[in-house]
Structure formats: structure tokens, C-alpha cells
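Chain by chain, the residues:
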Amino acid sequence: MKKLYRFYCITLTLLFLVSLCCITAFAADDMWTVANRIIVDVYSKIAGVSTVLAGLMSAVAVIGAKLSNNQHKVDQAWDWLRRIWITWAVINGIGAFIAYVVPLFDGLATIQP
């Protein structure tokens, strides 16, 4: 019983000392501002990369369609080109949708006591 009491006292003392050594951190912005900044930054990088890749892959699909002598491969190239354009439009449409919807929800992401 004495060992258990000593273990309990040492554990509480260590816990108290660790709590004294902890540094309190204060955030410069609230959670919603930081999340918005992260989302805008990540999406702008995704949209930029998708635009470059869509242009590159469109060029590859058109060149493949023009240089092929097989009608089946030409049809596949045009199908790929259509898929590339649809995907690019969807990715950029998400950004346009978010840019339109965010002002509608402005002020709703608050927690009031």
C-alpha cells in the first residue's frame, strides 16, 4: 500500500511539473479564416496544374488523332479529348461554385455562447 501511495504522489508531482512547463499558444486567426485560406490556396494550385495538364493532354490527343491511320484510334483520341475538357470544366466549375456560394454563407460559421 505504501508503494502505491508513493507511486501516486510521484505521478501527481510529475503531472504538475509537466503542466507548469507547457507553453500556451494563441492562434493569430480563427479556425474559419485559416480553413478558408488553406482551401483557396490548395484549390488555386489544383486549378493551375489542371489547366496546364489539360492543355498538354489536349495537344497529345489532337496529335494522336491527326497522326493515326486507324479510325478506331482516332475515335478514342477524340473521346479522350472530350473527357479532358469535361474534367477541366468540372474542376474549374467547382471553384466558380465555391466563389459564388461562400458569400452566401458569410457570417454563418460562428459559434456564439
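See above for the structure.
Scoring rules and cut-offs
- Residues numbered from 1 in each chain as written.
- Predicted model: local features only at pLDDT ≥ 70, side-chain atom pairs only at ≥ 80, totals over all residues.
- Heavy atoms only, no water.
- Helix = DSSP H or I, 4+ residues; strand = E, 2+ residues; numbered from the N terminus.
- Buried < 20%, exposed > 50% of the residue type's maximum accessible area, 1.4 Å probe, protein only.
- Polar contact = N/O pair within 3.5 Å; in protein donor to acceptor, adjacent residues only side chain to side chain.
- Salt bridge = Lys/Arg side-chain N within 4 Å of Asp/Glu carboxyl O.

**Q** Can you help me understand the side chain of serine 50 in this one?
**A** With respect to the element layout, serine 50 can be found in helix α2 (residues 31-67). Judged by relative accessible area, which is 12%, serine 50 ranks as buried. A distance of 2.9 Å separates a polar side-chain atom of serine 50 from the backbone oxygen of alanine 47.

**Q** I keep staring at the pattern of salt bridges and nothing clicks. Help me out?
**A** Once their charged atoms are close, side chains differing in charge can pair, the charge on each being opposite to the other. One pass over the full model with this rule turns up 2 salt bridges. For aspartate 79, the salt bridge identified is with arginine 82, shortest N-O distance 2.9 Å. Taken together, the residues span about one helical turn, with aspartate 79 and arginine 82 both in helix α3 (residues 71-101) at a distance of 3 residues. The class for aspartate 79 is partly exposed, based on a relative accessible area of 27%.

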